[in-house]
Amino acid sequence: MDSRPASPEAPPADLWSSILDSVSSSRSINSKQVLLLGQPSAGKSTLASALLQKPPAEAGKDDLKIDFALGYDFANVRDDADEDTLARLSVYTVPSSNPSYTALLPHFLPPRTCLPHTLVMIVLDWTRPWTFVEELETWFKWIEKWAKDDGSREVEIAREESRERLQSHLQHYAEPSSEPIPATSSTMSSTLLPLGSGTFTHNSAGVPIIVTCTKADLIDEGHDLVAGASGMGGMVKGTGGEWEERTDGIMQVLRTICLKYGAALFYTTPFPATLQVLRQYALHMLFTPPAPSPAMAGSDAPAPIRNPFPFNHKPNPLDRDHLVIPAGWDSWGKIEIVRQFEPRMWGDAWDRDLDDDGSPSEEVGAKKMFSSLVPDQGTKPAPLPPFNSPTPEQTFLAKNYDENAKKPDRDPRGAFRNPADLEGASAGIVGPLGSSTFSLPNVVRALSEMEVGGGASNSSVPDAAAARRMASRNTAASARPASLTASIAQSSASGRAPPSPSLASTPSPTGGQTQHEVLQNFFQSLLSSKDRPASASPRPKANGNSSTTANVPDAPGTP
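Just so it is clear, the structure is predicted and the values come from calculations on it, not from any experiment.

In terms of regular secondary structure, the chain is built from 18 helices and nine strands. By residue count, 35% of the 559 residues in the chain fall in the buried class. Here the chain displays about 34,200 Å² of accessible surface, and carbon together with sulfur accounts for 55% of that area.

In structure tokens:
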């Protein structure tokens, strides 16, 4: 009988694949996200560069002036020895609170998978302190809405786990100390005190939140800050007791609101020291271990999970440009120590603003109380010009028509008429029609003036003689209305313009013709006289030169 063992089984074909998968799973890199929320020019780009440890962008480059609907950048987070990569940190930036921007975030950061690995940082600008409470209300409402998502079972489980983790962090918080921590029994370590009044009453999803007030180095500026210059403004002018009291009041209001959400409060400046502390605390909150399970008796008690990024900086509630209030350290009692302040009153006012449905109420909210503490000194838009309601076109025309219809001189041709002729004129559609409109003596006068003007330029006869001859011609023409037809025929044969009959003294023309027929015959004779030859005879001038003058027969009685 052969006692040799059987040959070993053949190795699986995917041996290397299984080995690589086991190694990659054991050395997988965690992914963490930081969401920066704030209004334009609040300093978000500076914070993003500090969190990723990248040099800040130069303001002079044209390609960096473009703002996107959603900014994104990432960097690897390495350990203190710079040997291993512990996580990949992604930073998302929202330009403003406009719904068109915030609506994009659930597509890139779905709460179902990203809620346990996301930290939200609300950025406030110290050059616009009168907007603090309003912006906080806007962003806290959005965070609550984002964390609810679609309300599915998976989202509710993630919300519950995140809330337990944040509550455990608040309850287990201990101020860093250089002295060694004394050993305590397992019974004492498992005993947790309840949270204080006004602590973690909101933020049902347990989202880690850091409220960051940038540009804190401008709080105590002695010079006046001009509102609107470079997007900056000033709360009060100068420094002094009133200024310090007001800034301390702002800090107390912010601490009271942050306490309700379990959020931390930081003041930062462009100096790297404050930004480095903020980065360390952000990593500390991102890698907060989950809430421990209930301790078991004996040796079965689970060992606490160590945070790879401990935060060893002590709270600093005194420095104006380097305020550090970690989550879990603050309380109403510590807030009241600074100055006389009522955190309960401000907390109730904040809740009234959140529950405000637009109905009138006699109770004052936090925004109205804060506006009395910090007056709004922002740049106001220019007022709109008063609304000009134009008169309808038909109404305007009807009004002017009625007014002009009452004026007898509305006809523009009246400027060329004799005012004496307009007396007694009747108003018509196109203007007043006087009795002299179609008067034949007017036509005779016009023709006479034309003949005088033509003769004056080519004749050496004195003006007095011409005027005397024209006057006698008009007298003769007006004295023989009965021989109008014969006079016209004789004038046509002799080659001069026929005189116009005067119809003013003869209302019934000769031969039964009407006034319009007589006028028509008169103009027809003028047209027929255009083709007659012009007879001219030289007439000597006084100086010996000769000139040509039209052969116009003199009126009877003219010498």
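Let's pick the thread back up.
Turning next to helix α6 (residues 132-148). Taking 1.5 Å per residue as the helical rise, α6 with its 17 residues ought to reach 24 Å, and the 25 Å between its terminal C-alpha atoms agrees with that figure. Among all positions in α6, only F132, V133, E135, L136, E137, W139, F140, W142, I143, W146 and A147 are buried. D149 lies just past α6 and shows a positive phi near 55°.

With a phi angle near 60°, S41 is a residue other than glycine that sits in the positive phi range. Mapped onto the elements, S41 comes out in the loop between β1 (30-38) and α2 (44-52). One non-glycine residue, K215, lies in the positive phi region at around 60°. Structurally, K215 can be placed in the loop between β5 (209-214) and α9 (241-261). Taking the relative accessible area as the measure of exposure, K215 reaches 22% and is therefore partly exposed.

Right, let's talk about the pattern of salt bridges for a bit. The final tally for this structure, using the stated rule, is twelve salt bridges. Through salt bridges with shared partners, a single ionic network connects D125, R128 and K215.

This next bit is on the packing of aromatic side chains. Enumeration over the complete set of coordinates arrives at 13 aromatic pairs. A ring pair is formed by F140 and W350, whose centres lie 6.3 Å apart and whose planes are at 85°; its orientation type is edge-to-face. Remark: W350 occurs in helix α12 (residues 343-354) and F140 occurs in helix α6; sequence separation between them is 210 residues. Given the relative accessible area of 1%, F140 is considered buried.

If a strand is regular, its side chains alternate between the two faces of the sheet. Burial of strand β6 (residues 264-267) is two-sided: the residues A264 and F266 facing one way and the residues L265 and Y267 facing the other way are all buried. Note that β5 and β6 share four bridges and pair parallel. Bridging from a neighbouring strand, I210 pairs with A264 of β6. Direction of pairing for β6 relative to strand β7 (residues 324-325): antiparallel, over a ladder of two bridges. Paired with F266 across the bridge in β7 is V324.

Grouped burial of nonpolar side chains is what soluble globular proteins tend to show. Formed by 57 residues in total, the largest nonpolar core has its most connected members in F140 and Y267. With near-sequence residues (within four places) excluded, Y267 lies in contact with W126, C213, A216, I219, M251, L254, T274, R320, D321, H322 and L323. Membership of the second largest hydrophobic core comes to 35 residues, among which are L51, L275, A282 and A327.

Close contact between α6 and α12 brings their axes to 11 Å; oriented N to C, the two are set at 60°. Relative to α12, the element α6 is oriented oblique. In this structure, α6 meets α12 at a crossing whose hand is right-handed. Residues V133, L136, E137, F140 and K141 of α6 form the contact with α12, whose own contacting residues are W350, D353 and L354. Among the residues forming the contact of α6 with α12, the class breakdown is five nonpolar, no polar and three charged.

Where α6 contacts helix α13 (residues 366-373), the two axes come as close as 9 Å, and the packing angle between them is 155°. With respect to their mutual orientation, α6 and α13 come out roughly antiparallel. Contacts between α6 and α13 involve F132, V133, E134 and E137 on the former and, on the latter, A366, K367 and F370. Within the contact of α6 with α13, the residues separate by chemical class into four nonpolar, no polar and three charged.

Right, let's get into the confidence of the model for the chain. Looking at the chain as a whole, the pLDDT averages 74, with 61% of positions reaching at least 70. Low pLDDT, under 50, characterises residues 427-438; the stretch is placed with 22 contacts to residues that sit more than four places away or in other chains. Considering only residues more than four positions removed or in separate chains, one finds that residues 500-510, a stretch of pLDDT under 50, has 22 contacts.

A few words on the environment of P111. With respect to the secondary-structure elements, P111 resides in helix α5 (residues 111-114). Sequence separation of P111 and A147 is 36 residues, and the distance between their C-alpha atoms is 5.8 Å. If sequence neighbours within four positions are ignored, P111 has contacts with W146, A147, D149 and A158.

Parameters and conventions
- Residues numbered from 1 in each chain as written.
- Predicted model: local features only at pLDDT ≥ 70, side-chain atom pairs only at ≥ 80, totals over all residues.
- Heavy atoms only, no water.
- Helix = DSSP H or I, 4+ residues; strand = E, 2+ residues; numbered from the N terminus.
- Buried < 20%, exposed > 50% of the residue type's maximum accessible area, 1.4 Å probe, protein only.
- Areas by Shrake-Rupley, 256 points an atom, 1.4 Å probe, with all protein chains shown as cover.
- Expected span 1.5 Å × (residues − 1).
- Salt bridge = Lys/Arg side-chain N within 4 Å of Asp/Glu carboxyl O.
- Phe/Tyr/Trp six-rings, centres within 6.5 Å; stacked < 30°, edge-to-face > 60°.
- Pairing = 2+ DSSP bridges.
- Core = buried A, V, L, I, M, F, W, Y, C linked by side-chain atoms within 4.5 Å.
- Contact = heavy atoms within 4.5 Å.
- Axes fitted to C-alpha atoms, helices over the stretch in contact; angles between N-to-C directions.
- Parallel < 35°, antiparallel > 145°, perpendicular 65-115°, else oblique.
- Left-handed = near helix turned anticlockwise from the far one by under 90°.
- Nonpolar A, V, L, I, M, F, W, Y, C, P; charged D, E, K, R; others polar.
- pLDDT = per-residue confidence, 0-100.

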